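One-letter residues, chain by chain:
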Amino acid sequence: MTALLRYQTVLLLRSHRWLPPLLLYAVLLTIGVRAGEPVLGSFGLAAGVLLPVAAWLVRVCVTNEPDAARDCAAAAAGPWRVHLAGVLTALSASLVLAAAGTAVVALISDPHSSDRRTAVPLASAAGAGFLAAVSCALLGTAVGALCNRPLLRSTVRSVPATVLAVFLVLLPGGSPAHAAVTELVTGSRSGTVTWLLLPLAVAAVFAAGATAVACALSSRR
C-alpha cells in the first residue's frame, strides 16, 4: 500500500490536475476570510469551503490514470487497493490544505469575539478550526468516493451529482459539516471555543463507509 500511495502522489503532482482545486480553495478563502475578522468565524468559513475542494481532489485522483495503466496496477496489486490509494491520496492532499488554511486564518484573523470584547485563545481556536476543517475534508472525501468511479463513471453524471451532494452535505442542519461550521460561527459571538469531536467522529465514519463501498465495487466492476 505504501508503494501505491507514493505512486498516486507522484501521479497527482506530475499531472498538475491539483492546481484547479487549489485555486478554488484559494479564491474561496480570499472571498470568505478577510484580515482582521474574528478568528472563530473565519475558521468556520475556511472549513466549509474545503468540502467541495476535497470532493474535487478525490475525482482527480481516482480518474488520473489512463484505463490501461489503471488495469495494469489493478492486476498487480488488486483493484480495491489501487482505488483506496487514490482516495487516501486525495484525503492527504485535503488535510494539507486544511493545515495550510488553518495557519493562514490564524495569522490574519483577530483573536477576539465578534463584538471585539472577549479575547479568544488562539491556540485553542486553531485546534478547533483544524478539527472542523478535517471534518469537512472527510465529508468531501466521502462525497467524492460516492460520486465518481466505480459508482458513477460518466462525467455527465458524476459532476452534477458531486455538486448536488456537496450542498446536501454542507447545508442541512443535521450534517456534521454544518454542525462544525455553525459551532465555530456561533462560538465567535461569545468568544467560546468548542472542540468539535462529535462532528469529526461522524465524518470519519461516513468517509470510511463511502470509501469501503467504492473499493468493494471497484473489485466487481
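The preceding data block contains the structure.
Rules behind the numbers
- Residues numbered from 1 in each chain as written.
- Predicted model: local features only at pLDDT ≥ 70, side-chain atom pairs only at ≥ 80, totals over all residues.
- Heavy atoms only, no water.
- Helix = DSSP H or I, 4+ residues; strand = E, 2+ residues; numbered from the N terminus.
- Rg over C-alpha atoms; globule rule 2.2 N^0.38 Å.
- Buried < 20%, exposed > 50% of the residue type's maximum accessible area, 1.4 Å probe, protein only.
- Contact = heavy atoms within 4.5 Å.
- Areas by Shrake-Rupley, 256 points an atom, 1.4 Å probe, with all protein chains shown as cover.
- Lys, Arg positive; Asp, Glu negative; His and termini not counted.
- Charge placed at Lys NZ, Arg CZ, Asp CG, Glu CD.
- Patch = residues over 30% accessible without salt bridge, like charges linked within 9 Å, V, L, I, M, F, W, Y side chains within 5 Å.
- Salt bridge = Lys/Arg side-chain N within 4 Å of Asp/Glu carboxyl O.
- Core = buried A, V, L, I, M, F, W, Y, C linked by side-chain atoms within 4.5 Å.
- 1 Å grid on protein atoms, 1.4 Å probe; cavity = no way out; pocket = protein on both sides within 12 Å on 5 of 7 lines; lining within 4 Å.
- Points joined across faces, edges and corners; volume = space filled by probe spheres on them.
- Nonpolar A, V, L, I, M, F, W, Y, C, P; charged D, E, K, R; others polar.
- Expected span 1.5 Å × (residues − 1).
- Axes fitted to C-alpha atoms, helices over the stretch in contact; angles between N-to-C directions.
- Parallel < 35°, antiparallel > 145°, perpendicular 65-115°, else oblique.
- Left-handed = near helix turned anticlockwise from the far one by under 90°.

(A) Just the overall build of the protein, in detail. On a plain count of helices and strands, the protein comes out with nine helices and zero strands. Overall, the protein shows an N-to-C arrangement of helices and strands of α-α-α-α-α-α-α-α-α. Whereas a compact globule of 221 residues would reach a radius of gyration of roughly 17 Å, the protein reaches 18 Å, a difference of no more than 12%. The burial tally for the protein puts 46% of its 221 residues in the buried class. Partitioning the contacts of the protein with sequence separation of at least 6, the portion at a separation of at least 24 is 81%. For the protein, the exposed area adds up to about 10,400 Å²; of that, 70% sits on carbon and sulfur atoms. Looking at the protein, you have 15 positive and 7 negative side-chain charges, and the mean spots of the two groups are 10 Å apart.

(B) View of a nonpolar patch on the surface. A contiguous nonpolar surface patch, about 360 Å² in accessible area, is contributed by V159, V163, F167 and L171. Structurally, F167 can be placed in helix α7 (residues 155-170). A relative accessible area of 49% places F167 in the partly exposed class.

(C) The arrangement of the environment of P160 in detail. With respect to the helices and strands, the residue P160 is situated in helix α7. On the basis of relative accessibility, which here comes to 47%, the residue P160 falls in the partly exposed class. Residues P160 and S42 lie 118 residues apart in sequence; the distance between their C-alpha atoms is 28 Å.

(D) How the structure looks around the nonpolar core. The biggest cluster of nonpolar side chains holds 53 residues, and the ones touching the most others in it are Y25, F43, L50, L138 and L184. Put simply, the parts of the chain that give this core at least two residues each are α2 (19-32), α3 (39-62), α5 (79-108), α6 (122-146), α7, α8 (176-190) and α9 (197-220). Top contributing element to this core by residue count: α3, with 15 residues. Setting aside anything within four residues of it in sequence, one finds L184 in contact with L40, G41, F43, G44, A128, G129, A132 and L196.

(E) A look at empty space enclosed by the protein. Throughout the structure, instances matching the rule amount to one cavity of 30 Å³ or more. Of the pockets and cavities examined, the largest cavity occupies roughly 30 Å³. Lining the largest cavity we find Y25, F43, A46, A47, A98, G101, T102, G129 and A133. Grouping the constituent residues of the lining of the largest cavity by class yields six nonpolar, three polar and no charged.

(F) A look at the pattern of salt bridges. Tallied over the full model, the rule gives one salt bridge. When the shortest N-O distance is used, the salt bridge between D110 and R116 registers 2.8 Å.

(G) Highlighting α2. The first and last C-alpha atoms of α2 sit 20 Å apart over 14 residues, in line with the 20 Å expected at 1.5 Å per residue. For α2, the elements touching its buried residues are α3 and α5.

(H) Layout of the packing of α3 against α5. Orientation of α3 relative to α5, taken along the N-to-C sense of each, is 155°, at an axis distance of 9 Å. Here α3 is positioned roughly antiparallel relative to α5, judged by the angle of their axes. Of the two possible hands of crossing, α3 and α5 adopt the one that is right-handed. Only H83, G86, V87, T89, A90, A93, S94, L97, A98, T102, V105 and A106 of α5 make contact with α3, whose side of the interface consists of V39, S42, F43, A46, L50, V53, A54, L57, V58, C61 and V62. Residue composition of the contact of α3 with α5, by class: 17 nonpolar, six polar and no charged.

(I) Up close: the packing of α3 against α6. The geometry of α3 relative to α6 is characterised by a closest axis approach of 7 Å and an angle of 25° between their N-to-C directions. Looking at the two axes, α3 sits roughly parallel to α6. The chirality of how α3 crosses α6 is right-handed. Here the contact of α3 with α6 is composed, by residue class, of 19 nonpolar, five polar and no charged.

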